[in-house]
Amino acid sequence: MDQLMIEGPNFLSGRVQVSGSKNAALPILAATLMGQGTQKILNVPNLGDIRTILNLLTHLGASVKKEDSALLVCADSVSEHDVPYELVKTMRASILVLGPLLARFGKAKVSLPGGCAIGERPINLHLMGLQKLGAQIEISEGYIYAQASKLTGTKICFDDITVNGTQNIMMAATLAKGVTLLENAAKEPEVVDLAHFLNKMGANISGAGTDTMIIEGVETLGQATHEIIPDRIEAGTLVLAVAATGGNVRVEHCAPQHLGFVLDKLMACGVHIEQDERSIWVKSNKVLEKINMETKPYPGFPTDLQAQMMAFLTQTQGTSRIVENIFEKRFNHVAELGRMGAQITIDGRCAMVEGGKKLSGAPVMATDLRASASLVIAGLVAHGRTEISRVYHLDRGYEQLEEKLKNLGARIYRVSNRECKG
Ligand code: EPU
């Protein structure tokens, strides 16, 4: 197992390019199961979770090819509708094929995802939506068995906002008979990107990015070419790394409008930020003020940047309060940051971060994807050597993060476990 070594403190400067969005690419790749012909997808990041969904598509019988920078996916020969536990246990987002398989074959058998390091993460809202569209759902021996002779459009209102739930139902409703009205839908840019892709394939979806979406069912979907949006969480992670370490960096190939709330918070802390349509220019001299914030569905502060924001807030003056509203167990990084000298106390969903503490390098363990990113930021800031183990969590969702940071001047390198011991 690889480890990341960081010698700190670091000062970052230069330019860095953001990769395509993991969380936009996953549902779009799942949606390729519904189209006829070859889908050409551009800006797909090369990372662990993407390899998992491509394995899943291949397992189902799709052909996946790389052509220059594009990924070509053809699902014409898919005949399988059974997704085993082995594929789902490595990535919960595999549940995103449930809607497409059901819409295409009238049946699907998908392993039920279990719990996860950041919370229980039920899928009751996905199943409720499919049932409203007319599917019969049975859970047996760890599998979801879904069946419908024909899905039929209807009004579906989500009790809570769910990103993948909205996407699953959107995809299923695309091939349903009649009109589906989705209320209290997720408004995340990744939902909008999926709607754009489905519409290019011939779907009829309007209202994506608002609370209410209208999906007029169509008979079939065809082929499309689509470029995945930039990863707003990777962009935010890079911006926070610069803000925390001090530096002067232009974060390019990103969509600043998807990070409005985060950038406003950072400016309120004293980080200097300029932006144009495709880039964010961050300058930080480390004279930073505390702030209070809470995670919310889009356009609020994303839960996927909470851990990285916490690492940043250890470097501000005063005590900041973070409330995590989306996932009940998303404070796994707190104990590891504590090993580096951070003073953070937790009370339920609320964390109080005492700023102005000097962090020191330490051996730490990544517990989930975004927790790993927060440890990288802390390691860049800390004095001395930080050794991060279990970096496979990081590799699931960040494309070449250490190379990108290295190019900005960071002293960060990867070693295999054997090399470390030797
Ligand atoms: N929820 C339910 N029932 C459901 C679905 C969700 O109670 O049927 C609850 C969840 O337990 C959670 C809340 O609703 O408390 C929000 O969960 P949501 O369904 O929105 O999360 P998700 O769709 O499973 C996606 C991202 C996550 C990101 C969340 C929130 C993907 C593949 N994953 O998950 O990304 O944190 O939305 O924005 O799109 C990550 O990339 O690190 C990551 C965890």
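None of these values were measured; they are calculated from a predicted model. Each chain carries its own residue numbering, running from 1 in the direction its sequence is written. Local features are withheld for residues below a pLDDT of 70 in this predicted model, meaning they are given only at 70 or higher, and side-chain atom pairs are given and counted only at 80 or more; totals for whole chains, interfaces and linings count all residues. Based on all heavy atoms of the structure, the side-chain values leave hydrogens and waters out of the count.

Undergrad: I'd love a proper account of the sheet that holds strand β24 (residues 411-416), names of residues and values included.
TA: Note on pairing: two strands pair once DSSP finds at least 2 bridges between them. The secondary structure listing takes helices from DSSP runs of H or I that are at least 4 residues long and strands from runs of E that are at least 2 residues long, numbered from the N terminus. Pairing within the open sheet is mixed, and its 4 strands lie in the order β22-β23-β1-β24. Of all strands in the sheet, those bounded by a partner on one side alone are β22 (363-365) and β24. On average, each strand axis in the sheet is inclined to that of its neighbour by 25 degrees, with strand direction left out of account. Pairing analysis gives 3 bridges linking β22 to strand β23 (residues 384-389), with the strands arranged parallel. Bridged to Pro363 within β23 is Glu387. Against the sheet, helix α12 (residues 369-381) makes contact with β1 (2-8), β22, β23 and β24, and its axis sits at roughly 35 degrees relative to β1, the strand it touches most. Axis lines are fitted through C-alpha atoms, for helices just across the contact stretch, and the angle between N-to-C directions can take any value from 0 to 180 degrees. The contact rule is simple, with two residues in contact once any of their heavy atoms fall within 4.5 Å.

Undergrad: Now, about the site of the ligand: what can you tell me, with residues and values included?
TA: Whether a residue is near a molecule or strand depends on its heavy atoms: it is near if one of them lies within 4 Å of it. Not every one of the 22 residues close to the ligand is listed here, only the nearest: Leu125, Thr162, Asn164, Asp304 and Ile326. A 3.5 Å cut-off defines polar contacts: any pair of N or O atoms within that distance qualifies, except that in protein one atom must be a possible hydrogen donor and the other a possible acceptor, and neighbouring residues in sequence count only when both atoms are side-chain atoms. Separating an oxygen atom of the ligand from a backbone N or O atom of Pro122 is a distance of 3.3 Å. A distance of 2.6 Å is found between an oxygen atom of the ligand and a side-chain nitrogen or oxygen belonging to Asp304. Compared with its free state, where it exposes 830 Å², the ligand has 86% of that area covered by protein. Basically, the charged four are Asp, Glu, Lys and Arg, the nonpolar ten are Ala, Val, Leu, Ile, Met, Phe, Trp, Tyr, Cys and Pro, and anything else, Gly included, counts as polar. Classifying every residue of the shell around the ligand by side-chain character gives 11 nonpolar, 6 polar and 5 charged. Either an automatic procedure or a domain database provided the assignment from which the domain bounds are taken. Looking at which domains feed residues into the shell around the ligand, each of domain 1 (3-19 + 230-421) and domain 2 (22-227) supplies at least three. Areas reported as accessible are Shrake-Rupley estimates using a 1.4 Å probe. Residue values count occlusion only from the protein chains shown.

Undergrad: Tell me what's going on with helix α7 (residues 189-201), and back it up with residues and numbers.
TA: Taking 1.5 Å as the rise per residue, α7 with 13 residues should run 18 Å; its terminal C-alpha atoms sit 19 Å apart, in good agreement. Of all 13 residues in α7, 10 are buried; the element is thus mostly enclosed. Buried, partly exposed and exposed residues are distinguished by accessible area as a fraction of the type maximum, computed with a 1.4 Å probe on protein chains only: under 20%, between the cut-offs, and over 50%, respectively. Regarding α7, the residues found buried are Pro189, Glu190, Val191, Val192, Asp193, Leu194, Ala195, Phe197, Leu198 and Met201. Downstream of α7 by one or two residues, Gly202 has phi in the positive range, about 120 degrees. Expected helix span is taken as 1.5 Å per residue step, with the number of steps being one fewer than the number of residues.

Undergrad: Account for the pairing of strand β17 (residues 280-284), naming residues and giving values.
TA: Here β17 shows a buried face lined by Ile280, Val282 and Ser284 and an unburied face lined by Trp281 and Lys283. Relative to β17, strand β15 (residues 247-252) runs antiparallel, the two sharing 5 bridges. Bridging from a neighbouring strand, Gly247 pairs with Ser284 of β17. Pairing analysis gives 4 bridges linking strand β16 (residues 272-275) to β17, with the strands arranged antiparallel.

Undergrad: With reference to specific residues and values, describe the state of the cysteines.
TA: Note on disulfides: each one is a pair of cysteine sulfur atoms within 2.5 Å. If you walk through the whole model with that rule in mind, you get 0 disulfides. You can see Cys350 has no disulfide; the closest cysteine sulfur is in Cys269, sitting 16 Å from it.

Undergrad: Explain the packing of aromatic side chains residue by residue, including any values.
TA: Here a pair means two rings of Phe, Tyr or Trp (six-membered ring of Trp) with centres within 6.5 Å. Their orientation is stacked below 30 degrees between planes, edge-to-face above 60, and tilted elsewhere. Using the criterion set out here, one finds 0 aromatic pairs in the structure. Across the ring face of Tyr143, the terminal group of Lys109 is positioned such that the distance to the ring centre comes to 4.6 Å. In this scheme, Lys NZ or Arg CZ marks a charge over a ring once it lies within 6 Å of the ring centre and within 35 degrees of the ring normal. Note that Lys283 overlies the ring of Trp281, its terminal NZ or CZ placed 4.5 Å from the centroid.

Undergrad: Any chance you could break down the sheet that holds strand β21 (residues 350-354) for me, citing the residues and the numbers?
TA: If you walk across this open sheet you meet the 4 strands as β18-β19-β21-β20, and the pairing is mixed. The sheet is open, and its two borders are formed by β18 (292-294) and β20 (343-347), each paired with just one other strand. Along the sheet, successive strands turn relative to each other by an average axial angle of 15 degrees, direction set aside. The sheet contact formed by β18 and strand β19 (residues 319-323) spans 3 bridges and is parallel. Looking across to β19, one finds that Met293 is bridged to Ile322. Against the sheet, helix α10 (residues 306-313) touches β18, β19, β20 and β21, its axis set at about 175 degrees to β19.

Undergrad: How would you summarise the pairing of strand β4 (residues 63-67) if you had to cite specific residues and measurements?
TA: One ladder, built from 5 bridges, connects β4 with strand β5 (residues 70-74); its direction is antiparallel. What sits directly across from Lys66, in β5, is Leu71. Remark: 2 residues form the turn of the hairpin made by β4 and β5, two consecutive strands paired antiparallel; Asp68 in that turn has positive phi of roughly 50 degrees.

Geometric values such as these leave the question of function open.
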